[in-house]
Amino acid sequence: MTHRIAVIPGDGIGNEVMPEGLRVLEAVAKRFDIDLSFEHFDFACCDYYAKHGKMMPDDWFEQLKDFDAIFYGAVGWPDTVPDHISLWGSLLQFRRQFDQYINLRPCKLLPGIKSPLADRKPGDIDFYVVRENTEGEYSSVGGKMFEGTEREVVIQETVMTRHGTDRVLKFAFELAQSRPRKKLTSATKSNGIAITMPWWDERVVAMSGNYPEVSVDKFHIDILTANFVMHPDWFDVVVASNLFGDILSDLGPACTGTIGVAPSANINPEGTFPSLFEPVHGSAPDIAGKGIANPIGQIWSGAMMLEHLGHKEAADAIIDAFEAVLTEANPAVLTPDIRGQGNTQTLGQAIAERVAR
Ligand code: GGG
């Protein structure tokens, strides 16, 4: 069976880490005899916008809907396109129109990488952030009045539905139930955001009745961020609304030494539409063009894609490969964010060679 993968490098370092992600996927596909067919697309990036005045062609949905998965790099180039236009014109369309309502983001301290938190070693930080991915604070409901005057008013609503909330909570509880610690933490702010968040808390309690083996706690988002730094070992599965999940899933990987290694899966669990796999990091204009971006976030996202497509053994082989390369800690191979003197290609090449063995 051939898996058809739509490849979209996007902006900035997306163009540098994507070739390494593909290099590793090609190596693992050869070793495990998996038939992957890649088709490349030049849209969903700011270069496309510069040429066409929009982020994607009008028929993007038709072009992509029959793929088995989408492998994405990064989006955003604020010098060309304001960030809210590039994001709403691409990634957020994919998440919404393909109903990728789960954003699954592992957060794990890897061997050979030093956490900025004192005395943390691999095993101490190993949790998932499950982020609601289609509604919440990322809503397009709102508007402006009296623009540009002293009376200017801007309103943007948070939208939480029972359908949307219960389905992400169900996914998070099932994930927690499948893990040895069986622990779920909910991110809230029900003391200050006094309508949606108390309701979110109630939905968590209601869902917990279906999962008696899972222990549940909740923290307000402010102290939760502090606890990510002070006690990352407390966490197993953390479920959060769209915005809170976005913040937590940058902070979590930062606690593991670098956001450059963090992967993510935007999942449509029913398989009605393709799921999308991308590193957590963005286009990183500050380092784009230097060839020094860490490709592990893209490579690990490729592993998540393979697991989603039913190839767990191959996915594990990729993870074993980058863990082995990190354990060897050859500075000539590693990227500067993890104290190496190598570059994006040396690290991608080393992982691909290891995966081929
Ligand atoms: N590869 C992820 C990426 O490019 N992210 C850009 C970004 O700003 N994302 C915001 C979000 O995920 O909500």
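Residues numbered from 1 in each chain as written. Predicted model: local features only at pLDDT ≥ 70, side-chain atom pairs only at ≥ 80, totals over all residues.

Once that is clear, we can look at the pairing of strand S5 (residues 126-132). Counted residue by residue, S5 has 6 buried out of 7 residues, so it is predominantly covered. In this structure, strand S4 (residues 102-108) lies alongside S5, joined through 7 bridges in antiparallel fashion. Across the sheet, Ile102 pairs through a bridge with Glu132, a residue of S5. Where S5 and strand S10 (residues 237-240) come together, 4 bridges link them in parallel fashion. Its bridge partner being in S10, Val129 is matched across the sheet by Val238. (Buried ≥ 20, exposed ≤ 12 C-beta atoms within 10 Å, placed from the backbone. Helix = DSSP H or I, 4+ residues; strand = E, 2+ residues; numbered from the N terminus. Pairing = 2+ DSSP bridges.)

Entries for the protein in the domain assignment read domain 1 (1-108 + 260-357) and domain 2 (137-255). The gap between the C-alpha centroids of domain 1 and domain 2 is 25 Å. With 10 residues of domain 1 at the contact, the number on the domain 2 side is 10 residues. Ranked by residue count, the leading element in the side of domain 1 that touches domain 2 is S4, at 4 residues. (Domains from an automatic or database assignment. Contact = placed C-beta atoms within 7 Å.)

A word on the site of the ligand. With respect to spatial proximity, the complete set of residues near the ligand consists of Ala74, Val75, Gly76, Leu87, Asp246, Glu278, Pro279, His281, Gly282 and Ser283. Partitioned by chemical class, the residues of the shell around the ligand number 4 nonpolar, 4 polar and 2 charged. (Near = placed C-beta within 6 Å. Nonpolar A, V, L, I, M, F, W, Y, C, P; charged D, E, K, R; others polar.)

Below, the discussion takes up the environment of Gly164. Following the sequence through the fold, Gly164 ends up in helix H6 (residues 162-178). When the 18 C-beta atoms within 10 Å are taken as the criterion, Gly164 is described as partly exposed. In this structure, the C-alpha to C-alpha distance between Gly164 and Arg131, residues 33 residues apart in sequence, is 11 Å.

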